[in-house]
Amino acid sequence: SDEVAEPNAFAMAGTIAAFTEGDAWLDSLRSYLKESRDMVAAFLAGKLPQIHLVENTATYLLWLDCSKVTDDTDHLQEFLRKETGLYLSKGSGYHGNGNLFLRMNIACPHTAVKDGLTRLPVVYSFLRKQNKGIKKQKSLSVQQQEKDCMDELCLCSKYSLSICIYNAGFRI
């Protein structure tokens, strides 16, 4: 049987309930996702200005423009996963100029989003290994920028695997 074309009784009841009684839940979800999106945007603007959040209003999958950091996000994505346990999707899988982007899933608790953000400052280590220059914020050293990022959102240990954000969804 084709489970998509032939939904069971529970699927039909759930669909009817979602369309007839789900407005408040959907509004709450949209608000929660906006808070997460705003949290990511503020963090990147304040702590990692080399990575830019592409504006969107339609999804919980965020595009992170890493073109000021690398022209090959496959290596950056692998570095983040290996060094921090953070799973972001490679943009190259989406063709075009996807090699300049990472994709982040924010359909998870705010604590998990914050946890993921605490792992991103390792990008500075990636840049040093790639021998690429970065702009210093307010004349702070790279080490101080990393420390400031970690101090602000210090929620877990560097190697905690409590968060896995990637294109297939969120899982603990």
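Structure: see above.
Criteria and thresholds
- Residues numbered from 1 in each chain as written.
- Predicted model: local features only at pLDDT ≥ 70, side-chain atom pairs only at ≥ 80, totals over all residues.
- Heavy atoms only, no water.
- Helix = DSSP H or I, 4+ residues; strand = E, 2+ residues; numbered from the N terminus.
- Contact = heavy atoms within 4.5 Å.
- Buried < 20%, exposed > 50% of the residue type's maximum accessible area, 1.4 Å probe, protein only.
- Pairing = 2+ DSSP bridges.
- Core = buried A, V, L, I, M, F, W, Y, C linked by side-chain atoms within 4.5 Å.
- Axes fitted to C-alpha atoms, helices over the stretch in contact; angles between N-to-C directions.
- Polar contact = N/O pair within 3.5 Å; in protein donor to acceptor, adjacent residues only side chain to side chain.
- Expected span 1.5 Å × (residues − 1).
- Arc of directions from axis to C-beta.

A. Layout of the overall build of the protein. Helix and strand content of the protein: six helices and six strands. For the protein, the α and β elements follow one another from N to C terminus as α-α-β-β-α-β-β-α-α-α-β-β. Residue pairs at least 24 apart in sequence account for 67% of intrachain contacts in the protein once pairs closer than 6 positions are excluded.

B. Examining the pairing of strand β2 (residues 61-65) more closely. Burial runs high along β2: four of the five residues are buried. When strand β1 (residues 52-53) meets β2, the two strands line up antiparallel, connected through two bridges. Looking across to β2, one finds that Leu53 is bridged to Leu64. As paired elements, β2 and strand β4 (residues 101-105) share five bridges and run antiparallel to each other. When the sheet's bridge partners are listed, Asp65 is paired in β4 with Phe101.

C. Representation of the nonpolar core in the model. Residues Val40, Leu44 and Leu64 are the most contacted members of the largest nonpolar core, which totals 30 residues. Only α2 (23-47), β2, α3 (73-84), β4, α4 (110-119) and α5 (123-129) provide two or more residues apiece to this core. Of all the elements, α2 adds the most residues to this core, at five residues. Apart from residues no more than four positions distant in its own chain, Leu44 is found in contact with Pro49, Ile51, Leu53, Leu64 and Leu120.

D. Representation of the sheet that holds β1. With antiparallel pairing, the four strands of this open sheet are ordered in space as β1-β2-β4-β3. The sheet is open, and its two borders are formed by β1 and β3 (89-90), each paired with just one other strand. Direction of pairing for β3 relative to β4: antiparallel, over a ladder of two bridges. The residue bridging Lys90 from the neighbouring strand is Leu102, located in β4. On top of the sheet, α3 reaches β3 and β4; it is set at about 40° to β4, its chief contact.

E. Here's a closer look at the side chain of Asn105. Here Asn105 shows up in strand β4. Assessed through its relative accessible area of 3%, Asn105 is described here as buried. A polar contact of 2.7 Å, which involves the side chain of Asn105, links it to the backbone nitrogen of Ala107.

F. Here's a closer look at α3. Its 12 residues give α3 an end-to-end C-alpha distance of 16 Å, which sits within 8% of 16 Å, the value for a rise of 1.5 Å per residue. Those residues of α3 that fall on the buried side of the exposure criterion are Thr73, Leu76, Gln77, Phe79, Leu80, Glu83 and Thr84. Around the axis of α3, the buried residues are gathered within 160° of arc, so they sit on the same side. Buried residues belonging to α3 abut β3, β4, α4 and α5. If you check the start of α3, you find a side-chain oxygen 3.2 Å away from the backbone N of Asp74, and it comes from Asp72. Residue Gly85 follows α3 closely and has a positive phi angle near 80°.

G. Representation of unusual backbone geometry within the structure. The residue His95 is not glycine, and still its phi comes out positive at about 65°. Relative to the helices and strands, His95 is located in the loop between β3 and β4. We classify His95 as exposed; its relative accessible area is 61%.

H. Representation of the environment of Leu33 in the model. Position of Leu33 relative to the elements: it lies in helix α2. Given the relative accessible area of 12%, Leu33 is considered buried. A sequence separation of 76 residues divides Leu33 from Pro109, and the C-alpha atoms of the two residues are 9.4 Å apart.

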